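# Architecture at a glance
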Amino acid sequence: MKTVYRPEMLYVDGRFVANAELVVGDGGEVTETREVRELGLGVDGCLVVEMKGKALLPGFANAHSHSFQRLIRGKAESRAVSGRDFWSWRGTMYYAASSLDPQQVYDVARMAFLEMALAGTTTVGEFHYLHNAPDGRPYEDPNLLAKQVIAAARSVGLRMVLLRTAYLRAGYELPSDPGQRRFYETATDYIANMEALVRECSGNAADVRFGVAPHSLRAVPLRELHEIADWARANKLPLHMHVAEQIAENEACLREYGAAPVALLDREGLLGRDFTAVHAVHVSDEEIAMLAETGVTVCSCPTTERNLGDGIFRADDAMTAGVRVALGSDSQAQIDPLEDARELEYHLRLARQKRAVLDAGGETLAARLFECVTVSGSGSLGVAGGDLRVGAPADFFTVNLQDVSIAGNSAEDLLAIVVFGLNRSAIRDVAVEGRLIVRDGIHAQQDEIVARYKEVYESVWRGR
Ligand SMILES: [Zn+2]
């Protein structure tokens, strides 16, 4: 049976339309959007859902997540513990990574995905590099932890793109790091494990997709990177990689290969429309031109980058050159897609001492930022979605137009109010392929997910 959603405002084709209808088919796809409601027309045999006082918008795509890092929120915020820089922050992160058993990996991932769902996220790209048992040996099923994360997304109801990560070494001329022993595989094992995972988890009712994620140039040497990228391209899977997040990474890349990361990837023919460079904070003008010419998407993670002190992504220069920009919650310091969208702009305001830096004329600044967190994120992950055009999956969220953070609005200014001012308390319903996973601000399994997460938190941090 088709379902007809009747919000007070519907965001479609880059604008809000008052009193429009969204029609969703049996398969969870958008079959029609109608501007003018003609009562009684075409709703026979349909389930009609009235959404008075609500606006309905396409759901967010989180293009870069490490779900287990939800566990270190607030645990690395002092100099004494590990707060001095990115490299010392990793000590806390490695401690959490070394502590979790498979059940706990599942419990923490569900907590992260629950928070994403409550924030309006409908698709998550999980950059997953926890593979081995705590002693560094593979589990009997080397994909056990990847499957735990997939199961967590299924349980919460999010669409998942599992970006299985290749992590082969600590870095150029660095001895292997015991903190990373749960991450390491050989390139051969990586490809074999990836093949098995795709084979076992795909099927007619596939609700999970895959991507290939060489962790970084630091963690994957060039020869193996080619091998892995060739496999990804032969299998038409998107490629995601951390690129130029930290100056020290760039310096090591220069020492090893005589080129900065993006320049090296370009020289080696590794960039392309299927490639997403995560962060790309420390890149030259020439490298921005390379990203643009090859059609790369940059996934920026502003809430994490400011937390870690990485630096500021030059979104103005990149977007002017034509680079598509997606967004990710990365370390889960915060899980709020709109906060990432507005920080993309706000960091530049502070750096440039200007306002509306990413306003390029044409579409509004708010629409441009909203596109990053919806359409560009889905594109980066190689899945449909991000808008509510006919044929797209009915992935959406609704907001209460009377919420104190957005009350007083019109079709003209609502998107700017949402992008720059919405508080998560305004988000009421969230649907993935037409299936409501959040109703009136509550997820059905919320209490149980939070209770289980709190148990993991207690057991990991007790005595630390
Ligand atoms: Zn990351």
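Refer to the structure presented above.
Residues numbered from 1 in each chain as written. Predicted model: local features only at pLDDT ≥ 70, side-chain atom pairs only at ≥ 80, totals over all residues. Heavy atoms only, no water.

## With respect to the overall build of the protein
Along the protein, the regular secondary structure elements total 14 helices and 17 strands. The C-alpha atoms of the protein give a radius of gyration of 22 Å, which matches the 23 Å a tight globule of 464 residues would have. Taking the principal axes of its C-alpha atoms as reference, the protein extends roughly 70 × 45 × 45 Å. Taken over 464 residues, the protein has a buried fraction of 59%. Restricting the contact set of the protein to residue pairs at least 6 apart, pairs at least 24 apart contribute 74%. Here the protein has roughly 18,300 Å² of accessible surface; of this, 49% comes from carbon and sulfur atoms. One finds the centroid of the 49 positive side-chain charges in the protein at a distance of 3 Å from the centroid of its 65 negative side-chain charges. (Helix = DSSP H or I, 4+ residues; strand = E, 2+ residues; numbered from the N terminus. Rg over C-alpha atoms; globule rule 2.2 N^0.38 Å. Buried < 20%, exposed > 50% of the residue type's maximum accessible area, 1.4 Å probe, protein only. Contact = heavy atoms within 4.5 Å. Areas by Shrake-Rupley, 256 points an atom, 1.4 Å probe, with all protein chains shown as cover. Lys, Arg positive; Asp, Glu negative; His and termini not counted. Charge placed at Lys NZ, Arg CZ, Asp CG, Glu CD.)

## A few points about the coordination of the zinc ion
Ligation of the zinc ion by protein atoms is provided by H64 (NE2), H66 (NE2), H242 (NE2) and D330 (OD), these donors lying 2.1 to 2.5 Å from the ion. Residue classification places D330 among the buried positions, given a relative accessible area of 4%. (Donors = N, O, S within 2.8 Å, 3.2 Å for Na, K, Ca; no water.)

## Focus on the pattern of salt bridges
Counted according to the given criterion, the structure contains 31 salt bridges. We note a salt bridge from K147 to E200, for which the minimum N-O separation is 2.4 Å. With K147 in helix α3 (residues 144–156) and E200 in helix α4 (residues 187–201), this residue pair connects regions lying 53 residues apart in the sequence. Within this structure, R6, E21, E32, R34, E50 and K52 form a network of salt bridges that share partners. (Salt bridge = Lys/Arg side-chain N within 4 Å of Asp/Glu carboxyl O.)

## Re the environment of R209
By secondary structure assignment, the location of R209 is in strand β9 (residues 208–214). Under the relative-accessibility criterion, R209 is labelled partly exposed at 44%. Placed 57 residues apart in sequence, R209 and D266 show a C-alpha to C-alpha distance of 27 Å. In contact with R209, other than residues within four places in its own chain, are M160, V161, L162, G382 and V383.

## Remarks on empty space enclosed by the protein
Within this structure, the stated rule accounts for 4 cavities of 30 Å³ or more. Approximately 190 Å³ is the volume attributed to the largest cavity. Considering the residues around the largest cavity, the lining is formed by 19 residues, among which F86, M93, H215, H242 and E245 are closest to the centre. Top contributing element to the lining of the largest cavity by residue count: helix α1 (residues 86–99), with 6 residues. By residue class, the composition of the lining of the largest cavity is 9 nonpolar, 5 polar and 5 charged. (1 Å grid on protein atoms, 1.4 Å probe; cavity = no way out; pocket = protein on both sides within 12 Å on 5 of 7 lines; lining within 4 Å. Points joined across faces, edges and corners; volume = space filled by probe spheres on them. Nonpolar A, V, L, I, M, F, W, Y, C, P; charged D, E, K, R; others polar.)

## Here's the deal with the packing of aromatic side chains
Working definition: an aromatic ring pair is given by the centre-to-centre distance plus the angle between the planes. Per the stated rule, a full pass over the model turns up 15 aromatic pairs. Measuring from centroid to centroid gives 4.7 Å for F86 and W87, while their planes differ by 90 degrees, and the two rings are edge-to-face. In this structure F86 comes out as buried when scored by relative accessible area, which is 8%. For the ring pair Y129 and F183, a centre distance of 4.7 Å and an interplane angle of 75 degrees mean the geometry is edge-to-face. On the criterion of sequence distance, the pair formed by Y129 in the loop between β7 (121–128) and α3 and F183 in the loop between β8 (159–166) and α4 is long-range, its members being 54 residues apart. The class for Y129 is buried, based on a relative accessible area of 3%. Members of the aromatic cluster, connected to one another through ring pairs, are F68, Y94, Y129, Y167, F183 and Y184. (Phe/Tyr/Trp six-rings, centres within 6.5 Å; stacked < 30°, edge-to-face > 60°.)

## Quick look at the layout of surface pockets
Rolled over the atoms, a probe sized like a water molecule indicates the empty space that remains. A volume near 280 Å³ is recorded for the second largest pocket. Lining the second largest pocket we find 22 residues, and of these Y172, R218, A248, E249 and A252 sit closest to its centre. Tallying contributions element by element places helix α6 (residues 247–257) first for the lining of the second largest pocket, with 7 residues. Within the lining of the second largest pocket, the residues separate by chemical class into 12 nonpolar, 3 polar and 7 charged.

## Here's the deal with the pairing of strand β14 (residues 396–400)
Burial analysis of β14 places 4 of its 5 residues in the buried class, which makes it a mostly covered element. Pairing geometry for strand β5 (residues 47–58) and β14, over 5 bridges, is antiparallel. Each bridged residue has a counterpart across the sheet, and for K54 the counterpart in β14 is N400. With 3 bridges joining them, β14 and strand β15 (residues 427–432) adopt antiparallel strand pairing. The residue of β15 that forms the bridge with F397 is V430. (Pairing = 2+ DSSP bridges.)

## Remarks on α6
Given 3.6 residues per turn, any residue in an α-helix points the same way as the ones three and four places further on. Regarding α6, the residues found buried are E249, N250, A252, C253 and Y257. Burial along α6 is one-sided: seen end-on, the buried residues are contained in an arc of 165 degrees. On the buried face of α6, the contacting elements are α1, α5 (222–234) and α7 (261–267). G258, located one to two residues past α6, shows a positive phi value of around 75 degrees. (Arc of directions from axis to C-beta.)

## Observations concerning the packing of helix α12 (residues 365–381) against helix α13 (residues 414–421)
The N-to-C vectors of α12 and α13 enclose an angle of 55 degrees; their axes lie 9 Å apart at closest approach. Between α12 and α13, the interaxial angle falls into the category oblique. Of the two elements, α12 crosses α13, and the hand of that crossing is left-handed. Residue-level inspection shows L365, A366, A367, L369 and F370 of α12 in contact with α13, the latter providing L415, A416, V419 and F420. (Axes fitted to C-alpha atoms, helices over the stretch in contact; angles between N-to-C directions. Parallel < 35°, antiparallel > 145°, perpendicular 65-115°, else oblique. Left-handed = near helix turned anticlockwise from the far one by under 90°.)

By themselves, these observations are geometric and do not establish any function.
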